[in-house]
Amino acid sequence: MATSIEGDLPLLRLIHLVSPSLPVGGFTYSQGLEWAVEAGWVRGAEDLEAWLADQIETGVVYLDLPLLVRMQAAAAERDQAAMAGWIDWLLAGRETAELRREEGDRGRALADLLVAWGLDQALTWKPQLARSQAAGFAYAAAVWRIGPTAAAAGYAWAWLENLVLAAVKLVPLGQTQGQQVLARLAALVPGAVETAMAIPDDEIGASLPALAIASSAHETQYTRLFRS
């Protein structure tokens, strides 16, 4: 029984990492969705599904997940220089000041949490991890021996769940509608992870003009519920 429980621990650690209750402020961000709703780009469940599916198939597959996998490898090898380089790459791919600020704000919160959890060398790595929440996620996954494929799937799921929950408030959607959208979009995650795992360095990168416009406009939106 002890062996079985120990074998399940990485899975439990991953569930902990992707929990919406994690105190890193994820619930305060909509990544431009708030403006997209006000502008009439997202009016219901069908629009929301299309908005998020497009992001999964572009930004998540070609930017976020490939860099997350490389950050986890850098953490496993205790290579801070490589980690710094991948963080720079990710921040360069964040197309607005809001999105870069979110990456840093959530990164600092997660880095503090990793230190509080007592993860091995988290305090030494904190200056790097505080720059990007993806880096902190990757570092925890490496320390806790969560497989890269599982970590990537969990990271994509956490991103997706947060934005669907934001849409439930903003569109607004009923809870059941939101869960239906989440269930359908979750089916895209395994394929997204498989594609992302095979992307070479020179193909990492994506541009989402609609997301960039929505995020930029949100910076000066008159009334806002979300920080981005």
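Everything below is about the structure shown above.
Conventions we followed
Residues numbered from 1 in each chain as written. Predicted model: local features only at pLDDT ≥ 70, side-chain atom pairs only at ≥ 80, totals over all residues. Heavy atoms only, no water. Helix = DSSP H or I, 4+ residues; strand = E, 2+ residues; numbered from the N terminus. Rg over C-alpha atoms; globule rule 2.2 N^0.38 Å. Buried < 20%, exposed > 50% of the residue type's maximum accessible area, 1.4 Å probe, protein only. Contact = heavy atoms within 4.5 Å. 1 Å grid on protein atoms, 1.4 Å probe; cavity = no way out; pocket = protein on both sides within 12 Å on 5 of 7 lines; lining within 4 Å. Points joined across faces, edges and corners; volume = space filled by probe spheres on them. Nonpolar A, V, L, I, M, F, W, Y, C, P; charged D, E, K, R; others polar. Salt bridge = Lys/Arg side-chain N within 4 Å of Asp/Glu carboxyl O. Phe/Tyr/Trp six-rings, centres within 6.5 Å; stacked < 30°, edge-to-face > 60°. Lys NZ or Arg CZ within 6 Å of the ring centre and 35° of its normal. Polar contact = N/O pair within 3.5 Å; in protein donor to acceptor, adjacent residues only side chain to side chain.

Caption draft 1: Examining the overall build of the protein chain more closely. Helices and strands together make up the secondary structure of the protein chain, namely 11 helices and zero strands. The helix and strand sequence of the protein chain, counted from the amino end, reads α-α-α-α-α-α-α-α-α-α-α. Rg of the C-alpha trace for the protein chain: 17 Å, near the compact-globule value of 17 Å for 228 residues, within the 12% margin. Along the three orthogonal principal directions, the C-alpha set of the protein chain runs to about 50 × 40 × 35 Å. The 228 residues of the protein chain split such that 51% are buried. Within the protein chain, contacts between residues separated by at least 24 positions form 78% of all contacts whose residues are at least 6 apart in sequence.

Caption draft 2: Quick look at the layout of surface pockets. What the largest pocket holds in volume is close to 760 Å³. Taken together, 40 residues form the lining of the largest pocket, with Gln31, Glu102, Arg106, Gln133 and Trp159 sitting closest to its centre. Of all the elements, helix α8 (residues 148-170) adds the most residues to the lining of the largest pocket, at nine residues. Looking at the lining of the largest pocket residue by residue, the class counts come to 22 nonpolar, 10 polar and eight charged.

Caption draft 3: Inspection of the pattern of salt bridges at higher detail. Following the criterion strictly, the structure yields nine salt bridges and no others. A salt bridge links Arg184 to Glu49; its shortest N-O distance comes to 2.8 Å. Here Glu49 lies in helix α3 (residues 45-76) and Arg184 lies in helix α9 (residues 175-186), a separation of 135 residues in the sequence. Residue class for Glu49 comes out partly exposed when judged on its relative accessible area of 22%. Here Asp112 makes a salt bridge to Lys126, at a shortest N to O gap of 2.6 Å. Here Asp112 is found in helix α5 (residues 97-117), whereas its partner Lys126 is found in helix α6 (residues 122-129), with 14 residues between them in sequence. Given the relative accessible area of 40%, Asp112 is considered partly exposed.

Caption draft 4: The packing of aromatic side chains, seen in detail. Tallying each qualifying case throughout the model produces six aromatic pairs. Aromatic side chains Trp86 and Trp89 sit 5.4 Å apart centroid to centroid with 25° between the ring planes, which places their arrangement in the stacked category. Taken together, the positions of Trp86 and Trp89, both in helix α4 (residues 80-93) and three residues apart, correspond to about one turn of that helix. For Trp86, a relative accessible area of 16% translates into the label buried. Here Phe137 and Tyr155 contribute two aromatic rings whose centre-to-centre distance is 5.2 Å and whose plane-to-plane angle is 75°, an arrangement assigned as edge-to-face. With Phe137 in helix α7 (residues 133-143) and Tyr155 in helix α8, this pair connects stretches of sequence that are 18 residues apart. We classify Tyr155 as buried; its relative accessible area is 8%. For the cation-ring pair, Arg70 lies above Trp86, with the distance from its terminal atom to the ring centre recorded as 5.8 Å.

Caption draft 5: Expanded view of the environment of Leu22. Checked against the element boundaries, Leu22 lands in the loop between α1 (2-18) and α2 (33-38). For Leu22, a relative accessible area of 10% puts it in the buried group. For the pair Leu22 and Leu113, spaced 91 residues apart in sequence, the C-alpha separation works out to 9.0 Å. Ignoring anything within four residues of it in the chain, the contact list for Leu22 reads His16, Leu17, Leu110, Leu113 and Trp117.

Caption draft 6: Highlighting unusual backbone geometry. With an omega of -10°, the peptide bond between Val171 and Pro172 qualifies as cis. You can see Pro172 is positioned in the loop between α8 and α9. Even without being glycine, Gln31 reaches a positive phi, approximately 50°. Under the relative-accessibility criterion, Gln31 is labelled buried at 13%. Positive phi, close to 60°, is recorded for Arg145, a residue that is not glycine.

Caption draft 7: Main features of the side chain of Asp105. Looking at the element boundaries, Asp105 is found in helix α5. Here Asp105 falls in the buried class, since its relative accessible area comes to 18%. At a separation of 3.4 Å, a polar atom in the side chain of Asp105 contacts the side chain of Tyr29. Those residues within four positions of Asp105 in sequence are excluded, and the remaining contacts are Tyr29 and Arg227.

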